[in-house]
Structure formats: C-alpha cells, structure tokens
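These are the residues of each chain, in order.
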Amino acid sequence: MIADIITIVRDNWLLLLVGQYPNGPLGGIAATLILSVLSIALAFPVSVLLALARLSKAPLLYWPATAVVFIARGVPLLMLILWTYFMVPIITGYNVPGFATMLVTLVIYEGAFLSEIVRGGILALGRGQMEAAKALGHGGASAMLYIILPQALFNVLPSILSQFVSAIKETTLGYVINVPELTFAANQINNQLLTKPFQVFFILALIYYVVCWSLTRAATLLERRIVTKRSGLSGAPLALTATAATVEP
Amino acid sequence: MTQSQPAQAGAPMITFSNVQKRYGAVPALIDINAEVARGEVVVVCGPSGSGKSTLIRTVNRLEEIQAGSIQFDGQEVHGSLRGKQLNRLRSRIGFVFQSFNLFPHLSALDNVMLSPIKINGASREAARATAMRLLDRVGLSNKIQSFPAQLSGGQQQRVAIARALAMEPPAMLFDEPTSALDPEMVGEVLAVMRSLASEGMTMMCVTHEMGFARDVADRVWFMDAGRILEAATPDEFFRNPQHERAKRFLADLRH
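Calculation criteria
Residues numbered from 1 in each chain as written. Chains lettered and ligands numbered in written order. Predicted model: local features only at pLDDT ≥ 70, side-chain atom pairs only at ≥ 80, totals over all residues. Heavy atoms only, no water. UniProt positions renumbered as here; feature names shortened; annotations may be inferred. Helix = DSSP H or I, 4+ residues; strand = E, 2+ residues; numbered from the N terminus. Buried < 20%, exposed > 50% of the residue type's maximum accessible area, 1.4 Å probe, protein only. Lys, Arg positive; Asp, Glu negative; His and termini not counted. Charge placed at Lys NZ, Arg CZ, Asp CG, Glu CD. Pairing = 2+ DSSP bridges. Axes fitted to C-alpha atoms, helices over the stretch in contact; angles between N-to-C directions. Contact = heavy atoms within 4.5 Å. Buried area = accessible area lost by both parts, 1.4 Å probe. Salt bridge = Lys/Arg side-chain N within 4 Å of Asp/Glu carboxyl O. Polar contact = N/O pair within 3.5 Å; in protein donor to acceptor, adjacent residues only side chain to side chain. Patch = residues over 30% accessible without salt bridge, like charges linked within 9 Å, V, L, I, M, F, W, Y side chains within 5 Å. Areas by Shrake-Rupley, 256 points an atom, 1.4 Å probe, with all protein chains shown as cover.

Named according to an unreviewed UniProt entry, chain B is ABC transporter permease originating from Alsobacter metallidurans. The record held by UniProt for chain B lists under Sequence similarities (unreviewed entry) the comment "Belongs to the ABC transporter superfamily."

The name recorded for chain A in an unreviewed UniProt entry is ABC transporter permease, from Alsobacter metallidurans. Regarding chain A, the UniProt comment filed under Sequence similarities (unreviewed entry) reads as follows: "Belongs to the binding-protein-dependent transport system permease family. HisMQ subfamily."

In structure tokens, the structure reads:
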C-alpha cells in the first residue's frame, strides 16, 4: 500500500505538479494554485466594491450589488459553473476555455462571499471612526480610503486567507468542465492505472490537506498577531471578526 | 479659503435660530435660540438626555435638524449645503468626541497630519511641523510615534484635540471630552482646554466639569428636555439659578 503510493508519486509527480506542461496545458497543483490565487486576487477588488455598494444608501448601487451577493450565495457553485460554461458561448457566440470560465465564476462567487466579510469588517469599526473622519472634513471616499478601509481590511485579513483556502477546495469543481487542475490530474493517473483508485485518491486528499492545513494554520497565526497588535484599544469587535474567521481545512 | 466669507468681527461665531429636532416622534431639541460669540467659551450642562450632545452635534451636522437654522461663522450649516461645501465647513469646526475616536491604525503624529495633507493639500513637511508643534503644545512631544492603543485615555484625548487644532478651526466643540476618562486623567485634558480658552479660542463645551465651567466659561447654558432653560454667566448660574430644574441639578451635583 505505502509502496504503491510511493511508486505512483514517483512515476507521476510531474503530472501532479504541472499537468502535461510544457507539452500540453498547465495543470496539476500549479494550475490549482494559480487558479485560486488569481480568483482571490481578482475577487478582492470586486468584493470591496460590492461591500461599499451594499453599504451605500443609493438604491442604484445597493440593489444590484445585493442581488449579486444573494444569488452567488444562494446557489451551488457547481450550478454557477455549468451556467457560465454553457451560457456564455450561447450569449456571446465565442467558445470560452474552461480555465477562463472557472476563473470568472470563482471571482463572482468568491467576490460575493468576500464582500460580506469586508462589509462585516467595516461595520465592526463602529460609527465613531466615520464620525471623526466627517468632523475633520473628509468626504465619504476620502474617509473610506484613508481611515475606514485600512483598518477594516487589515482586521479581516485572516478571514480573507480562510476564503482563499475555500477557493483552493472549490477549484476541484473545475474537473467537471475539464479544467486540468490537480483533481483532473489525479483522475488521469487513476484512468491509466485502473486498479489503484484508493492509493491515487489518497495522494490527492493528502496534497489538498497539506496545502489547506498550512494556510489555515497561517490564518490562525495571523489572527493571533492582529488581536495582539490591536489589543488595548476598543478590541472587542476586532476580536470577534477575527475569531469568526477560522475555517477548518 | 475662498468660501469662508470672513463675517463681520462683531457677528456671532455660532447662531442657533428656532432649531427643532425630533427622533421620530420624540422631540430632542425644542425652540433653540442662542449664540456663541467670537472668543466666547460656552459650557453646556444639564441632566443626561437633556439634548446637550445632540445640540453640539448639530453644529457640524453630525445630526440633522428638522426646522430652524444654524449658522457657523456666517455660513448656513443645514439647508442646501452638500458634499464638498459641507466637508469644507466641517473642516473649519474643531470637534472633540467623548470616546476620542483616534484612528487606531495611525501613530499620534499621523493622526494629526492626515487631514491637513488629504483635505487641505498641505505638504508633508508643513503638516509634520504643525503636528509636532501641536503635540508639543498638548504635552505629548515624546509620544509622537505611539499608536492610540499605547496611550492612556487622557493622552488619547489630548492627541484628539491636537488633531482637531491641526485644521486651524476658528472654533472648537467639545462633546463631554472628559466623561470617558479615569478621574486622574481629567485634569490634563482640562488644562489643555483652559490654555486654549486663555488664548481666545471660541469654545462650546458639553461637560459635567462644573469647576471648569465656573473658572473658564463666559456663559453657561443649562438644558433640560431639549430646551435651553438658562443662559447666564457662571456666577449668576451657580449662585442664583432661576429654574427649579436647574436648582435641583446643582443640588444633585453637590451630593
């Protein structure tokens, strides 16, 4: 059993790492990480805009943003992926590669979840910061940019990292639209060997666990540092947001 | 600069005319007619819930009013004022909060420097020089690099005063500046306020510090249930309050 696993890893480590690259598309862990990093990096600005729109009093900002967040949170990710995959070519007439489809879907989905985290971070600051900013003469944009967002985003960093861990796990769904990520690579190996599914998928589970556990651990450490750094001031809301952030791998 | 038409020297700094405010059906301010003259120090006192904080917060429009008008330095605060003009006006009204509201992600120095740079377009060097001078003035020149979490309540409130002064406001409003402080820190904040008053700063202070009112105030406004019941010199007010409610208030304070 252990010997099998070692053999499989030895024979297929390159496929697990980068897929068929450079002879084919980039895949494996590399694709999984690139997909999840890109999705969170792009979802982050989207989420800040969504959060600000959801906090806005202007109905033209509030309602569309709220609809996006509720729809994205209210349907399964797989359904969203299939919709994008099949609908975008019909609407635009262009065939969109699986990787791009997956990335766009993840950005919308992660953006919606992150926006609620960001919104919570802003609300947790309390009224006093915004009032102080206004009293000094800052407009809404200036107050957000220099006073509210720097604090709120810093405080929700652990939650953002947790969401990144979720994104890594969600990239597995790319498998259904043939995105050559890590799960796809593992399945290719399994299809070649045919007789060793347990060993192959054990390796897959182990890789995901190690990656996600490390990041969750990093989130916990980060959270502790932030709580320590901010302790001594009105720390209660900060501590609350930070605690809510921990997600099990 | 362009918008602040320097009102005539004799005109009041703050004028309340027939100000009415309600929270839903509950009246918070009723028929407020009062003035704060230039260079005057007004202390607003009264039992809790009497509308003192609401009143002071209407001056820079942290609270809206339903009727009447408030003028600051000759400029209408409520009514049609919006956006940039409102921000410009607010930047000229120094405001100190009960809960300090320092920006916790910035050092004491940066707290004081931020708004002159971002709002007035001051250079970093000029803003820094002003901030150093003001922090020195409130006795915190050795704490400029400290973050708010590393400062005591009294120190935080003094930074907050320096932060407000950095915008060079012609008047300062204090909303219970010492109520959140431990007793031993009240003195250091009041000392800063006394020195401001002695330099001729126009001040409107909501406070329970009757010693401060007696020594520093030019006039005391006594509020109850949303009305200004008395506006008198501290001498008259403390020696010979006119209203029954004011007498009871002062008697309760002595206990």
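And the narrative resumes.
Student: Can you help me understand the overall build of chain B in this one?
Tutor: Counting its secondary structure elements, chain B contains nine helices and 10 strands. Seen through its C-alpha atoms, chain B measures out along the principal axes to roughly 55 × 45 × 35 Å. When burial is assessed residue by residue, chain B has 56% of its 255 residues classed as buried. Of the charged side chains in chain B, 28 are positive and 26 negative; the average position of the first set lies 5 Å away from that of the second.

Student: Got a minute to help me understand the sheet that holds strand β9 (residues 219-224) of chain B in this structure?
Tutor: Hydrogen bonds between backbone atoms are what pair the strands of a sheet, whose relative direction is either parallel or antiparallel. Residues and elements named next belong to chain B. Ordered in space as β6-β7-β8-β3-β9-β10, the six strands form an open sheet in which the pairing is mixed. Of all the strands in the sheet, just β6 (93-96) and β10 (227-232) have a single pairing partner and so form its edges. Within this sheet the neighbouring strands show an average axis-to-axis angle of 15°, counted without direction. As paired strands, β6 and strand β7 (residues 171-175) are joined by four bridges and run parallel to one another. What sits directly across from Ile 93, in β7, is Ala 171.

Student: Looking at this structure, I do not really get the interface of chain A and chain B. What am I missing?
Tutor: In this complex, chain A contributes 20 residues to the contact, which on the side of chain B involves 22 residues. When chain A packs against chain B, the two sides together hide about 1,800 Å² of surface, and 63% of this comes from carbon and sulfur. Where chain A meets chain B, there are one salt bridge. Between Glu131(A) and Arg57(B) there is a salt bridge; the shortest N-O distance is 2.6 Å. Inspection of the region where chain A meets chain B yields five residue pairs in polar contact (both at pLDDT 80 or more). Those elements that provide at least two residues to the side of chain A that touches chain B are α6 (127-136) and α7 (140-155) of chain A. Among the elements that take part in the side of chain A that touches chain B, α6(A) stands out by supplying nine residues, more than any other.

Student: Sorry if this is basic, but what is going on with a nonpolar patch on the surface here?
Tutor: All names here are of chain A. Taken together, the side chains of Met 1, Ile 2, Ile 6, Phe 198, Phe 202, Leu 206, Tyr 209, Val 210 and Trp 213 present a nonpolar region at the surface, about 950 Å² in accessible area. Sorting the residues of the nonpolar patch by element identifies α1 (2-18) and α10 (197-230) as the ones contributing at least two each. The element that contributes the greatest number of residues to the nonpolar patch is α10, accounting for six residues. Counting through the fold element by element, Val 210 comes out in helix α10. Given a relative accessible area of 46%, Val 210 falls into the partly exposed group.

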